[in-house]
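The lines below spell out each chain.
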Amino acid sequence: MTALLAAERIEAGYGDSRAVAGVSLAVEPGEVLALVGANGAGKSTLLRVLAGAHRPDAGRVLLHGDDVTQVRDFERNRLGVSLVPEGRRLFASLTVRDNLEIGAGSRRTGTWTVDTVVDALPMLGDLLERNASQLSGGQQQAVAIGRGLMSNPEVLLLDEVSLGLAPIVIDELYASLAAVRRGGLGIVLVEQDLERTVAVADRIACMLEGHAVLEGTPATLTRAQITDAYFGHEVASW
Ligand SMILES: Nc1ncnc2c1ncn2[C@@H]1O[C@H](COP(=O)(O)OP(=O)(O)O)[C@@H](O)[C@H]1O
Ligand SMILES: [Mg+2]
């Protein structure tokens, strides 16, 4: 079967330093693939490669089996890949509505509009005319996710969307994601919190120092396997 989005033996880095070393993965429609690993493992670099925001040194990215490795981020967004980057990156002086509209960018047709985004992320309902700079961290993160949906993607790449947020806000964001994936969206999720990862993911891939070291479903992987892969054997064997 052809995957929705696949990475094949991706090598990527910065100058001479290798951040991603031969990683392959694939996500299917309606599936949540969680990417876990310590800081510096290469998760964000891999997501940027998938989104076309970082050019890999080797390997291929396939969308519905088509090679999109050389397709730049704006064009890849038009093809259905949307990245919600680490750190939100909203336009602080623009309203929530304008930030969402910017996400529509390539204007793919689909169900996502400002109204349906607010239905999925109810915390944004009363905030549409506020400036992004006036929002709390959780509200900003909801805008960033909503902006990612506005292009009507087939696959959404979420980089640490819950970083720094209160647990109750994270609960709300994750509840929204559950609704969103029912529409068939494929999601690749980077999340530091292993409890949440295990709860939400259909499959988990662990990265360690640029390598994919473990992959499986939450049902088949033990907690010890995941933490071993996460921290490396040196630490885990203490
Ligand atoms: N813009 C950059 N310039 C140079 N090195 C970077 C840059 N971004 C990340 N790195 C390095 O690449 C490696 C992987 O980083 P990253 O992909 O951000 O990992 P993660 O998201 O898992 O924390 C790290 O060693 C990091 O220091
Ligand atoms: Mg990162």
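An account of the accompanying structure is given in this report. Just so it is clear, the structure is predicted and the values come from calculations on it, not from any experiment.

Protein coordination at the magnesium ion (ligand 2) comes from Ser 44 (OG) and Glu 86 (OE), with a distance range of 2.0 to 2.8 Å. Here Glu 86 lies in the loop between strand 6 (81-84) and helix 3 (96-104) and Ser 44 lies in helix 1 (residues 43-51), a separation of 42 residues in the sequence. You can call Ser 44 buried: its relative accessible area is 16%. Overall, the relative accessible area of 31% leaves Glu 86 in the partly exposed class.

What follows concerns the nonpolar core. With 48 residues, the main nonpolar core has Leu 124, Leu 158 and Leu 189 as its most contacted residues. Counting residues per element, this core draws most heavily on helix 5 (residues 137-150), which supplies 6 residues. Non-local contacts of Leu 189, meaning those with residues more than four positions away in its chain, are made with Val 32, Leu 33, Ala 34, Leu 35, Leu 158, Tyr 174, Leu 177 and Val 200.

A few words now on the pairing of strand 1 (residues 5-14). In this sheet, strand 2 (residues 17-27) lies alongside strand 1 in antiparallel orientation, the contact comprising 8 bridges. Its bridge partner lying in strand 2, Ala 12 is registered against Val 20. Following strand 1, the chain reverses through 2 residues before pairing antiparallel with strand 2; Gly 15 in that reversal takes a positive phi of roughly 60 degrees. As defined by bridge partners, strand 1 adjoins strand 4 (residues 58-63) across 5 bridges and the pair is classed as antiparallel. Each residue of the ladder has a partner; that of Ala 7, found in strand 4, is Val 61.

The next subject is helix 1. By the criterion of burial, helix 1 is predominantly enclosed, with 8 of the 9 residues buried. Among the residues of helix 1, Lys 43, Ser 44, Thr 45, Leu 46, Leu 47, Val 49, Leu 50 and Ala 51 are the ones counted as buried.

Let's shift gears to the pairing of strand 7 (residues 155-159). Of all 5 residues in strand 7, 5 are buried; the element is thus mostly enclosed. In strand 7, alternate side chains face the same way, and those of Val 155, Leu 157 and Asp 159 on one face and Leu 156 and Leu 158 on the other are all buried. Taken together, the 5 bridges between strand 7 and strand 8 (residues 186-190) define a ladder with parallel strand orientation. Residue pairing across strands places Leu 158 opposite Leu 189, the latter belonging to strand 8.

Before going further, it helps to examine the site of ligand 1. Taken together, the residues surrounding ligand 1 are Tyr 14, Ala 19, Ala 38, Asn 39, Gly 40, Ala 41, Gly 42, Lys 43, Ser 44 and Thr 45. Note that an oxygen atom of ligand 1 is positioned 2.9 Å from one of the side-chain N or O atoms of Ser 44. A distance of 2.5 Å separates an oxygen atom of ligand 1 from a polar atom in the side chain of Thr 45. Here ligand 1, which alone exposes 560 Å², has 58% of that area covered by the protein. No other element matches helix 1, which puts 3 residues into the shell around ligand 1. A breakdown of the residues in the shell around ligand 1 according to their chemical character gives 4 nonpolar, 5 polar and 1 charged.

Procedures and definitions
- Residues numbered from 1 in each chain as written.
- Chains lettered and ligands numbered in written order.
- Predicted model: local features only at pLDDT ≥ 70, side-chain atom pairs only at ≥ 80, totals over all residues.
- Heavy atoms only, no water.
- Donors = N, O, S within 2.8 Å, 3.2 Å for Na, K, Ca; no water.
- Helix = DSSP H or I, 4+ residues; strand = E, 2+ residues; numbered from the N terminus.
- Buried < 20%, exposed > 50% of the residue type's maximum accessible area, 1.4 Å probe, protein only.
- Core = buried A, V, L, I, M, F, W, Y, C linked by side-chain atoms within 4.5 Å.
- Contact = heavy atoms within 4.5 Å.
- Pairing = 2+ DSSP bridges.
- Near = heavy atom within 4 Å.
- Polar contact = N/O pair within 3.5 Å; in protein donor to acceptor, adjacent residues only side chain to side chain.
- Areas by Shrake-Rupley, 256 points an atom, 1.4 Å probe, with all protein chains shown as cover.
- Nonpolar A, V, L, I, M, F, W, Y, C, P; charged D, E, K, R; others polar.

Shape descriptors only; they carry no functional weight alone.
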